[in-house]
Amino acid sequence: MAIALAGSPIGASVGFPMGAFAYEFIGQKAPFLILAGVSLIDACLRLMAQTPVKENNLIYIAPPSTSPSFKYFALLRDPYVLLAVGCTFCYTTAAGMQWASLPSWVIEKLDAQPWQIGVCSIVCPIFQVLSMQITARLMTNKDSWWRAVVLGLLIHCSGLIWSPLCSSTWEEAAPLALTFTGYGVAHAAISILIAFIADQRHNGKFGQIFALQSACSSLGIVVGSVVGTYTTLYTSYKWACWGCALILFVYSLLACFFKKLKDLEYEDSEVKTLTEKENYGTMELSDLETDND
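All residue numbers refer to position in the chain's written sequence, counted from 1. Where totals are concerned, whole chains, interfaces and linings use all residues; where local detail is concerned, this predicted model gives features only for residues with pLDDT of at least 70, and gives and counts side-chain atom pairs only at 80 or more. Side-chain measures here rest on the full set of heavy atoms in the structure, leaving out hydrogens and waters.

**Student:** Can you explain the overall build of the chain? Please cite residues and give values.
**Tutor:** Put simply, DSSP marks the helices as runs of H or I at least four residues long and the strands as runs of E at least two long, and each gets a number from the N terminus on. Counting its regular elements, the chain contains 12 helices and 2 strands. Mapped in sequence order, the helices and strands of the chain form the string α-α-α-β-β-α-α-α-α-α-α-α-α-α. Each residue gets one of three labels from its accessible area relative to the maximum for its type: buried under 20%, exposed over 50%, partly exposed in between, using a 1.4 Å probe on protein chains only. Each of the 293 residues in the chain was classed as buried or not, and the buried ones make up 40%. Of all intrachain contacts in the chain linking residues separated by at least 6 positions in sequence, the fraction that spans at least 24 positions is 83%. Carbon and sulfur atoms form 67% of the exposed surface of the chain, whose accessible area is close to 16,700 Å². Any two residues having at least one pair of non-hydrogen atoms within 4.5 Å are treated as being in contact. To measure how exposed things are, a 1.4 Å probe is used in the Shrake-Rupley method; for residues, cover is taken only from the protein chains shown.

As structure tokens, this is what we get:
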């Protein structure tokens, strides 16, 4: 899971300095033209990868799924799912706020150059990837899962408190590293917890739960960018960071409820009943085939 999630920060480690240098030394349009070209190449590669393969003039199509229907209301009734996706929303909101507000603040208050911001931001994806990989390898038992979530949120919180207290652009590298270390720890731990919840409480519906987490993550980036920008505009960058830090601290206390998750079993009675009916129908069909033979 940590390896799969590392693609985003690795791309960011290239994007931050490349965008900053292109904006500073080539022109304002250069970063957007580069992104457009990369997106076009990515779209072509996706079309090539998803083209059906013919073997012996036949196209193999996967049979329709026979799993029982699943409703998102079953997820929303689960308090542990709400707690997990709420945690995802909180730390991505804090990250979105910092991504949107930090560049303008360091340019205005610390007289930073665009290329300096890009170079300083390289530490974000590097520490995020390292923290995700280390967390995934250290989380060997269920007792460590909820502790990793709490630790990640507290580390993220401490980085947000430290960031507005810096007096130069290069000093911002340290709180940024701390912030995205906490982000990586919390993200890796929450992903493992969500997979466990899907397996134990929702009949292995990994796609639906991870889709809900991705939606909350994207929503958090949008909300954090908008709210952080307006908060910085009408108050200050310091209060925007400290407000997000307070939210993360409160949520780190709520994350302690994940401690009870290791003792809980499969509880989604609606999906369980549907699964039992499907298995019963399969058994009846196999019995009929046996009788016919």
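Further notes follow.
**Student:** Could you give me a rundown of the packing of aromatic side chains, with the residues and numbers involved?
**Tutor:** Whether two aromatic rings pair depends on their centres lying within 6.5 Å, for rings of Phe, Tyr and Trp, where Trp uses its six-membered ring; planes under 30 degrees apart make the pair stacked, over 60 edge-to-face, and the rest tilted. The final tally for this structure, using the stated rule, is 7 aromatic pairs. An angle of 45° between the planes, with centres 5.9 Å apart, marks the rings of Phe-180 and Tyr-183 as tilted. Linking Phe-180 with Tyr-183, this pair stays in helix α9 (residues 173-201), spanning 3 residues, or about one helical turn. Residue Phe-180 shares its accessibility class with Tyr-183, and that shared class is buried. Measuring from centroid to centroid gives 6.2 Å for Tyr-230 and Tyr-234, while their planes differ by 10°, and the two rings are stacked. Taken together, the positions of Tyr-230 and Tyr-234, both in helix α10 (residues 206-234) and 4 residues apart, correspond to about one turn of that helix. You can call Tyr-230 partly exposed: its relative accessible area is 48%. A relative accessible area of 65% places Tyr-234 in the exposed class. One aromatic cluster in this structure is built from Tyr-91, Trp-99, Phe-180 and Tyr-183.

**Student:** Please provide a residue-by-residue account of the packing of helix α5 (residues 79-109) against helix α11 (residues 237-254), values included.
**Tutor:** Fitted lines through C-alpha atoms give the axes, limited to the stretch in contact for helices. The angle between two N-to-C directions lies from 0 to 180 degrees. At a minimum axis distance of 10 Å, the contact between α5 and α11 shows a crossing angle of 165°. Here α5 lies roughly antiparallel to α11, going by the angle between them. Seen along the crossing, α5 lies across α11 with a hand that is left-handed. Facing Leu-82, Leu-83, Gly-86, Cys-87, Cys-90, Tyr-91, Ala-94, Met-97, Gln-98, Ser-101, Leu-102 and Trp-105 of α5, the residues of α11 in contact are Tyr-237, Ala-240, Cys-241, Cys-244, Ile-247, Leu-248, Tyr-251 and Leu-254. Of the residues in the contact of α5 with α11, the class split is 17 nonpolar, 3 polar and no charged. Reported orientations rely on four angle classes, namely roughly parallel under 35 degrees, roughly antiparallel over 145, roughly perpendicular from 65 to 115, and oblique for the rest. Less than a right angle of anticlockwise turn of the near helix away from the far helix marks a crossing as left-handed, whereas a clockwise turn marks it as right-handed. Ten residue types, Ala, Val, Leu, Ile, Met, Phe, Trp, Tyr, Cys and Pro, are classed as nonpolar, four, Asp, Glu, Lys and Arg, as charged, and the remainder, Gly among them, as polar.

**Student:** Explain the packing of α5 against α10 residue by residue, including any values.
**Tutor:** Two numbers describe how α5 lies on α10: the axes approach to 6 Å, and their chain directions differ by 40°. If you check the angle between α5 and α10, you find them oblique. The interaxial crossing formed by α5 with α10 has right-handed handedness. For the contact of α5 with α10, the per-class residue count stands at 12 nonpolar, 13 polar and no charged.

**Student:** Quick one: what's the story with the nonpolar core, residue by residue and with numbers?
**Tutor:** For our purposes a nonpolar core is just a set of buried Ala, Val, Leu, Ile, Met, Phe, Trp, Tyr and Cys residues, chained together by side-chain atoms within 4.5 Å. In this structure, Tyr-91, Val-149, Leu-153, Leu-160, Ile-190, Leu-248 and Phe-258 are the most contacted members of the largest nonpolar core, which totals 57 residues. Every element with two or more residues in this core is listed here: α5, α6 (114-120), α8 (143-162), α9, α10 and α11. If we ignore the near neighbours within four places in the chain, the residues touching Leu-248 are Cys-90, Tyr-91, Ala-94, Leu-153, His-156, Cys-157 and Leu-160.

**Student:** For the side chain of Thr-179, give the residues involved together with the corresponding values.
**Tutor:** Structurally, Thr-179 is set in helix α9. Here the side chain of Thr-179 touches Pro-175 through a polar contact of 2.8 Å, landing on its backbone oxygen. Beyond its immediate stretch of four places on either side in the chain, Thr-179 contacts Gln-98, His-156, Gly-159 and Leu-160. Pairs of N or O atoms are called polar contacts if they sit within 3.5 Å, as long as, within protein, a hydrogen donor faces a hydrogen acceptor (for residues adjacent in sequence, only side-chain-to-side-chain pairs).

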